Amino acid sequence: MAAARDPLADTRYRAVSAHVLGLANKLRELGVDSVLNVPTLVIAGDQSSGKSSVVEAIAGVALPRSDGTCTRCPTEVRMRTAQHGGGGSAPSWSCRIKLCRDYDDEGQLLVEKPPEELFCTVTDKSHIAACVTAAQAVLLNPKAVQAMQGGAQAFVPDLSGAVPSESEAKEGLGGAGPYELDFTANKVVLEIDGAEADLTIIDLPGIIHNHSRGRQCVELVERMTKACLAP
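Structure report, in brief. If you're wondering where the values come from, they're calculated on a predicted model, not measured in any experiment. (Residues numbered from 1 in each chain as written. Predicted model: local features only at pLDDT ≥ 70, side-chain atom pairs only at ≥ 80, totals over all residues. Heavy atoms only, no water.)

## As for helix α3 (residues 128–140)
Consideration 1: Compared with an ideal rise of 1.5 Å per residue, which puts 13 residues at 18 Å, α3 spans 18 Å between its outermost C-alpha atoms and is within 8% of the ideal.
Consideration 2: When you tally the buried positions in α3, you get 10 out of 13 residues, the bulk of the element.
Consideration 3: By the burial criterion, the buried members of α3 are Ile128, Cys131, Val132, Ala134, Ala135, Gln136, Ala137, Val138, Leu139 and Leu140.
Consideration 4: Contacts made by the buried residues of α3 are with β3 (94–100), β4 (117–122), α4 (142–147), α5 (168–172) and β5 (187–193). (Helix = DSSP H or I, 4+ residues; strand = E, 2+ residues; numbered from the N terminus. Expected span 1.5 Å × (residues − 1). Buried < 20%, exposed > 50% of the residue type's maximum accessible area, 1.4 Å probe, protein only. Contact = heavy atoms within 4.5 Å.)

What follows is the structure, encoded as structure tokens:
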């Protein structure tokens, strides 16, 4: 069955909204969103309350799933119906996954923010979850990444097969339990071209009320949530 035609596809509204969203995403890449309020939909709530499911339903991609806390850093999804940098009216679907490091290893906001780093480009929606898991592992293990030959790129999954396989670097970290950081305010960014809507969403770690490693983890998630929701 053919997909239903978008009634706004060829309208001026769609063209203007796509252009404005492109400018907003450029501001984010430059770090200007720290001083300007760039329009964003923020999904916040308690742990395991279905936040990621809402993002998945809107963005049309599957995010990582596991028991307990799975989202341990913000995931920003930048959806565009148009092709990155202009493009035609019916671009093919693709997703650039980036690493946004606005904070140091101690959770302090950097004075000079580095540019967003391209982690990998995905053209198969079924590969998204594996790549986001690997990208999150990079942000939660800064010392291991720094010591690794190839840096973050050593953690990119093998996408040549139907099912992505973890890189040796990612496998070497073991499970998520012994990661260097429990949470980080640095973001995994998904830039999607050929999406069904022009929208930017941030999926935050679930609000927790206790943690095995102490109150500091609870407070970090609280600060992260308040910062993203601040007017």
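## Focus: the nonpolar core
Consideration 1: Core analysis: the biggest nonpolar cluster contains 37 residues, and Ile97, Phe119, Ile128, Val188 and Leu190 have the highest contact counts within it.
Consideration 2: When contributions to this core are tallied by element, the ones reaching two or more residues are α2 (51–59), β2 (75–80), β3, β4, α3 and β5.
Consideration 3: If we ignore the near neighbours within four places in the chain, the residues touching Val188 are Cys73, Pro74, Thr75, Glu76, Ile97, Lys98, Val132, Ala135, Gln136 and Leu139.
Consideration 4: The next biggest cluster of nonpolar side chains, apart from the first, holds 7 residues, and it includes Phe183, Val218, Val221 and Met224. (Core = buried A, V, L, I, M, F, W, Y, C linked by side-chain atoms within 4.5 Å.)

## Some points on the side chain of Lys98
Consideration 1: Its place among the elements puts Lys98 in strand β3.
Consideration 2: Classification of Lys98 by relative accessible area gives buried; the value is 11%.
Consideration 3: A distance of 3.3 Å separates the side chain of Lys98 from the side chain of Glu191, its partner in a polar contact. (Polar contact = N/O pair within 3.5 Å; in protein donor to acceptor, adjacent residues only side chain to side chain.)

## So, the environment of Val20
Consideration 1: Structurally, the position occupied by Val20 is in helix α1 (residues 12–29).
Consideration 2: For the pair formed by Val20 and Asp198, sequence separation is 178 residues and the distance between their alpha carbons is 9.4 Å.

## Some points on helix α6 (residues 215–229)
Consideration 1: Taking 1.5 Å per residue, 15 residues should reach 21 Å; α6 reaches 21 Å between its end C-alpha atoms and fits that length.
Consideration 2: All buried positions along α6 are accounted for by Cys217, Val218, Val221, Met224 and Thr225. Angular distribution of buried residues about the axis of α6 spans 130°; they occupy a single face of the element. In α6, the exposed positions that point more than 90 degrees away from the buried face belong to Arg223 and Lys226. (Arc of directions from axis to C-beta.)

## As for the pairing of β3
Consideration 1: The element β3 is largely enclosed, with a buried count of 7 among its 7 residues.
Consideration 2: Neither face of β3 is left uncovered, since the one carrying Ser94, Arg96, Lys98 and Cys100 and the one carrying Cys95, Ile97 and Leu99 both have all their residues buried.

## Some details on the state of the cysteines
One way to say it: the disulfide is the covalent bond shared by the sulfur atoms of two cysteines.
Consideration 1: Under the counting rule described, the total for this entry stands at 0 disulfides.
Consideration 2: With no disulfide partner, Cys95 has as its closest neighbouring cysteine sulfur the one in Cys120, 7.7 Å distant. (Disulfide = S-S within 2.5 Å.)

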